[in-house]
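Observations on the model geometry
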Amino acid sequence: MVSTQQVLQFLVTGITNGSIYALIALGFVVIHSVTSVINFAQGEFAMLGALLAVSLIAAGLPQGLALLAAVVGVGAFAATLYQVGLRPARDASPLTMIIITIGAALAIRGVALVIWGTEPYQMAPFTVGSPLQVGGAVIRLQSLWVLGVTLLLQPLLHVFFTRTILGRSLRACAVNRLAARLVGIRADRMALLAFALSGAVGALGGVIIAPIIFATYDMGLTLSLKGFVAAVMGGLVNYPAAVAGGFLLGILESLGAGLISSGYKDAIAFVALFVILLSKPRWIVRSEQGTEEGS
Amino acid sequence: MKTGRIIGHHGLRRCCAMTGLWLALGLGIAVAAFAQQPIKLGFIPDITGPASSLGIPERDTALMLQAEIDAKGGIRGRPVKLVIYDGESTETKTLLAAKKAIEEERVAALICCSQSGTSLAIKNAVQTAKVPMVSMAASVKIVEPVKDSFWVFKTPQSDHLIAEVLVDYLVSKKVTRVAWMNVDNAFGDSGRLEFDWLAKRAGIAIVANERFGDKDVDMTTQLAKVKGSDAQALVVWAIPPAASVVTKNASELGLQIPLFHSHGVANKRFIELAGPGANGVRFPAGKLLTAESLPDSDKQKKTLVAYAKAFEAKYGPRNTFGGHGWDAVWLAYRATEAAAARTNPDDLAAFRVAIRDELEKIKEFVGISGIFNMSVRDHNGLDKRAVTMYEIVNGQWQLAK
């Protein structure tokens, strides 16, 4: 019944969606590995990036510049969010902080609704051209952009966090905040930096998927949930694992929809999360103890 | 000591007089307020969320009609007020809004909701509260079975009717094998049930059966399965933006078979979002879209053109959803007017019963979605005449050949 050509198409779709999830997951990991907070406003960063870029293009900016401005803008916004919303509560438990991020996500979505309304917006693809045909499967050019950015960003982040002084200082804050401060790392500033970085990563994800999906004010929630599942699959502190988690989730979804039934697409994501959390594999246990990763 | 002085002889008399005066004054105000109290109709479209492409034109139409109703000067000296809520495209929010409208605002009737899912979600509540409701959603289940839908009416052509016209069209084109895709909600599922049995009756086999979510961003997996089947046509039951994503993906995948949609895509937004992929899409819908090209003998033409002009002057391109809102508001208004002629609107329970009875009696009402003939057995009141097939050519609607 199912031809290899179809399975190939399922895989292509899965990898495209997977790299979207992976991009969001990377943002989760950046913040979590520095502050131990799970930032549920992560999907909203992507939404803001996409809508901001669409508006800037509509205002007459060239696409490249608009994208850059959106990424930097959302990075700055995320830093402000930390400074205003989370910093005053920095001595509270991570759970409190997580709840603050959920509140922030709702607020951001509400404001976006006022600014952009409920209409979906469209953005032109980065490269114009007809989709590629590979072994009978169709690959859209924009999918290659998404995949490329994900694959490029992951090692960059990985190297930054494991090889540079700044990156290592960031991670030190997550492992032991007090000890980090004792050796002269300004934990507050590091958290601020993490939010800015994560905002920029999220926005980058948003602008790059905007030509594939329609950008709407409420796209953030689904992205947050799927990205979160991907990040958890990767143990929440490990960049390559988070990206692998994203791909795994995307492919699982697509194969599940293709081979079993498309009615179960979302159920598959959440069942996967459930099974992973329940079975508590080694890498999650390790990350819970806040020890080293990837190095 | 102090109290003793106040309740003195003079004091007591003055006190009584004052109380009397205040009482009289208060009563007067209350009576005056009572006489002027507006008759309220609750209106709950989905202004935000995935169904906002339906809810916004419905809301806009309602605002437009509120002005017309005000100009009429109200019913028996009372202003008629549409109380508008946002159902937010979710069942829970809609139900809360409906309860608020019924219990706090004490509306005489409800116009709700934009979607089949939300309409079905509040059906029980209005049945129990004994409040007449006019829905703007497609599913035939909203008004059937009639014995469980005593208080519920609806204005859009039901999916049963739409599916019937579509199946007739497919038969006329000699299509015998179709692939099916529907959005994973009440609208899509209800459409699938109706299409399923009508297609079977007409000898059309459904060779692929797929679903997708209303917020999904990529349907190529499902379409790849359709592409691998031997279907002669693909039928999609969804609303934009999801419906547009399917259409866009189908053209990217190079799907060769003709693409059919439901009446869920009868707005310009669908074409804008789907881009060139929308060309060639055929779908059944009401007559509003190309009203000007109808023959002058058509009973609906005058009403359709007038509404389309008024709407487009204020809010942008016409769409059938605004039309469903137009029908719902006027049906409710008419019934309210007739009910007020024989019952006292202050006796809310009796007034609601009267409105319901009047709704059921409406005959030959020329609306946007069709000509309504309500009856005890039919709380939708439309027939096949209300639906035609369209084709999108160069981003424009045309009557399909």
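Since the model is a prediction, treat every value here as computed from it, not as a measurement.

1. Points about the interface of chain A and chain B
Between chain A and chain B, the residue contacts involve 26 residues of the former and 23 residues of the latter. Looking at the side of chain A that touches chain B, the elements that each hand over two or more residues are helix H1 (4-35), helix H10 (239-260) and helix H11 (265-279) of chain A. In terms of residue count, the dominant contributor to the side of chain A that touches chain B is H1(A) (six residues).

2. Considering the confidence of the model for chain B
All names here are of chain B. Mean pLDDT for chain B: 89, with 91% of residues reaching 70 or above. Per-residue pLDDT stays below 50 along residues 1-8; that stretch engages in two contacts with residues further than four places along the chain or on separate chains. Across the assembled chains, the prediction reports ipTM 0.71 with pTM 0.74.

3. Remarks on the confidence of the model for chain A
Summing up the model confidence of chain A, the mean pLDDT is 87 and the portion of residues at 70 or higher is 94%. A low-confidence stretch, residues 288-295 of chain A stays under pLDDT 50, and its non-local contacts, those more than four residues away or across chains, total 12 contacts.

4. A closer look at the nonpolar core
Membership of the largest hydrophobic core comes to 218 residues, with the highest contact counts inside it found for Leu26(A), Ala53(A) and Leu234(B). Considering each element in turn, this core owes the most residues, 16 residues, to helix H8 (residues 187-209) of chain A. No fewer than three residues from each of domain 2 (39-157 + 299-385) and domain 3 (160-285) of chain B sit in this core. If sequence neighbours within four positions are ignored, Leu26(A) has contacts with Leu153(A), Gln154(A), Leu157(A), Val201(A), Tyr239(A), Ala242(A) and Val243(A).

5. Observations concerning the environment of Gly256(A)
All names here are of chain A. Tracing the backbone shows Gly-256 in helix H10. It is 27 Å that separates the C-alpha atoms of Gly-256 and Val-237, two residues lying 19 residues apart in sequence. Setting aside its immediate chain neighbours within four residues, Gly-256 contacts Tyr-264, Lys-265 and Ile-268.

6. Some words on the sheet that holds strand E1 (residues 39-43) of chain B
Residues and elements named next belong to chain B. Spatially, E2-E1-E3-E4-E5 is the arrangement adopted by the five strands of the open sheet, whose pairing is parallel. Edge strands, defined here as strands with exactly one partner in the open sheet, are strand E2 (80-84) and strand E5 (152-154). Averaged over all neighbouring strand pairs, the angle between strand axes comes to 25°, with direction disregarded. Relative to E5, strand E4 (residues 133-135) is paired through three bridges, and the arrangement is parallel. Across the sheet, residue Val-134 finds its bridge partner in E5, namely Phe-153.

7. Description of helix H3 (residues 52-72) of chain B
Residues lying three or four places apart along an α-helix face the same way, a consequence of the helix completing one turn every 3.6 residues. For H3(B), which comprises 21 residues, the first-to-last C-alpha distance of 30 Å matches the rise-based estimate of 30 Å (1.5 Å per residue) to within 8%. Gly73(B) occupies a position one or two residues after H3(B) and carries a positive phi of about 90°.

8. Points about the domain arrangement of chain B
All names here are of chain B. By domain assignment, chain B separates into domain 1 (2-28), domain 2 (39-157 + 299-385) and domain 3 (160-285). Taken over C-alpha atoms, the centre of domain 2 sits 28 Å from the centre of domain 3. Residue-level contacts link 19 residues of domain 2 with 20 residues of domain 3. Contributing elements (two or more residues each) for the side of domain 2 that touches domain 3: H3, helix H5 (116-129) and helix H12 (320-340). Of the residues forming the side of domain 2 that touches domain 3, the biggest block, three residues, is contributed by H5. When grouped by side-chain class, the residues that make up the side of domain 2 that touches domain 3 number nine nonpolar, eight polar and two charged.

How each quantity is defined
The residue count restarts for each chain, going from 1 along the sequence in the order it is written. Chain A is the first chain written and ligand 1 is the first ligand written, with later ones labelled in order. Totals for whole chains, interfaces and linings use every residue, but because this is a predicted model, local features are given only for residues with pLDDT of at least 70 and side-chain atom pairs only at 80 or more, for both listing and counting. Once C-beta atoms have been placed from the backbone, residue pairs whose C-beta atoms lie within 7 Å are recorded as contacts. Runs of E in the DSSP output that reach at least two residues are strands. Runs of H or I that reach at least four are helices, and both are numbered from the N terminus. As a per-residue measure, pLDDT tells how confident the predictor is, with possible values from 0 to 100. Connectivity within a nonpolar core runs through C-beta atoms within 7 Å, and the core itself is a set of buried Ala, Val, Leu, Ile, Met, Phe, Trp, Tyr and Cys residues. Field definition: a residue is buried when 20 or more other C-beta atoms are found within 10 Å of its C-beta, exposed when 12 or fewer are, and partly exposed for counts in between, with C-beta atoms placed from the backbone. As annotated, the domain borders come from an automatic or database domain assignment. One bridge is not enough; two strands pair if DSSP finds at least two bridges between them. Note on geometry: axes are lines fitted to C-alpha atoms, helical ones only across the stretch in contact, with angles between N-to-C directions running from 0 to 180 degrees. In a helix, the anticipated span is given by 1.5 Å times the number of residues less one. Side-chain classes are defined by residue name, with Ala, Val, Leu, Ile, Met, Phe, Trp, Tyr, Cys and Pro counting as nonpolar, Asp, Glu, Lys and Arg as charged, and the others, Gly among them, as polar.

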